[in-house]
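Reading the structure
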Amino acid sequence: MITAIVLIGADIHQIPETAQAVADIPGVTEVYSCAGDVDLIAKVRVRDHDEIADVVTGKINRLPGVRHSATHIAFRSYSSSEVEGGFSIGE
């Protein structure tokens, strides 16, 4: 499986509706409303790169409340125990 993180700029008057619409798209596993430079963060999990294009450009970017997006492909994931272990090296 390929994981992509999609940072979404949304119309501020439609954030809850846009978040739900993104969450309803097949391939989107989680959507977070957040503060900062972006309004929503979506986690996409699909089988191949072509599906990322379908989900992001074919579906997410076409939603009425989406103003812009940036997609980041994940190479590897780490659990919290692995991350904490990495910071304790050499102690």
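Overview of the structure. No experiment lies behind these values; they were computed from the predicted model shown. Sequence positions are assigned chain by chain, starting from 1 and proceeding in written order. In view of the model being predicted, local features appear only for residues whose pLDDT reaches at least 70, and side-chain atom pairs are presented and counted only at 80 or more, with totals across whole chains, interfaces and linings using the full set of residues. Values reported for side chains reflect all heavy atoms of the structure, with hydrogen atoms and water molecules removed beforehand.

1. Some words on the side chain of Asp 39
Spelled out, the test is: Starting at the N terminus, helices and strands are each numbered in turn, a helix being any DSSP run of H or I of at least four residues and a strand any DSSP run of E of at least two. The classification of residues rests on relative accessible area computed with a 1.4 Å probe and restricted to protein chains. Under 20% of the type maximum is buried, over 50% is exposed, and intermediate values are partly exposed. Residues scored as charged are limited to Lys and Arg (positive) and Asp and Glu (negative), so that His and the chain ends carry no count. One speaks of a salt bridge when a side-chain nitrogen belonging to Lys or Arg is within 4 Å of a carboxyl oxygen belonging to Asp or Glu. The criterion used for residue contact is that any of the two residues' heavy atoms lie within 4.5 Å.
Mapping Asp 39 onto the fold places it in the loop between strand E2 (28-33) and strand E3 (40-46). One buried charged residue, Asp 39, remains without a salt bridge, the closest side chain of opposite sign being Arg 67 at 4.7 Å. Contact partners of Asp 39, with chain neighbours within four places excluded, come to Ile 8, Gly 9, Ala 10, Ile 15, Tyr 32, Ser 33 and Cys 34.

2. A look at the sheet that holds E3
Convention followed: Two strands are counted as paired when DSSP detects at least two bridges linking them. An axis is simply a line fitted to the C-alpha atoms; with a helix, the fit covers only the stretch in contact. Between two such axes, the angle follows the N-to-C directions and lies from 0 to 180 degrees.
The strand order across the open sheet built from four strands is E2-E3-E1-E4, with neighbouring strands paired in antiparallel fashion. The sheet terminates laterally at E2 and strand E4 (66-73), the two strands that pair on one side only. Taking the axes of each pair of neighbouring strands and ignoring which way they run, one obtains an average angle of 20° across the sheet. Alignment of strand E1 (residues 2-10) against E3, held across seven bridges, turns out to be antiparallel. Bridging across to E3, Thr 3 finds its partner in Arg 45. Across the sheet, helix H1 (residues 15-23) lies against E1, E2, E3 and E4, angled at about 165° from E2, the strand it touches most. Its contacts with the sheet place helix H2 (residues 49-56) against E1, E2, E3 and E4, and it is angled at close to 165° to E4.

Everything listed here is a matter of coordinates, which is why it stays silent on function.
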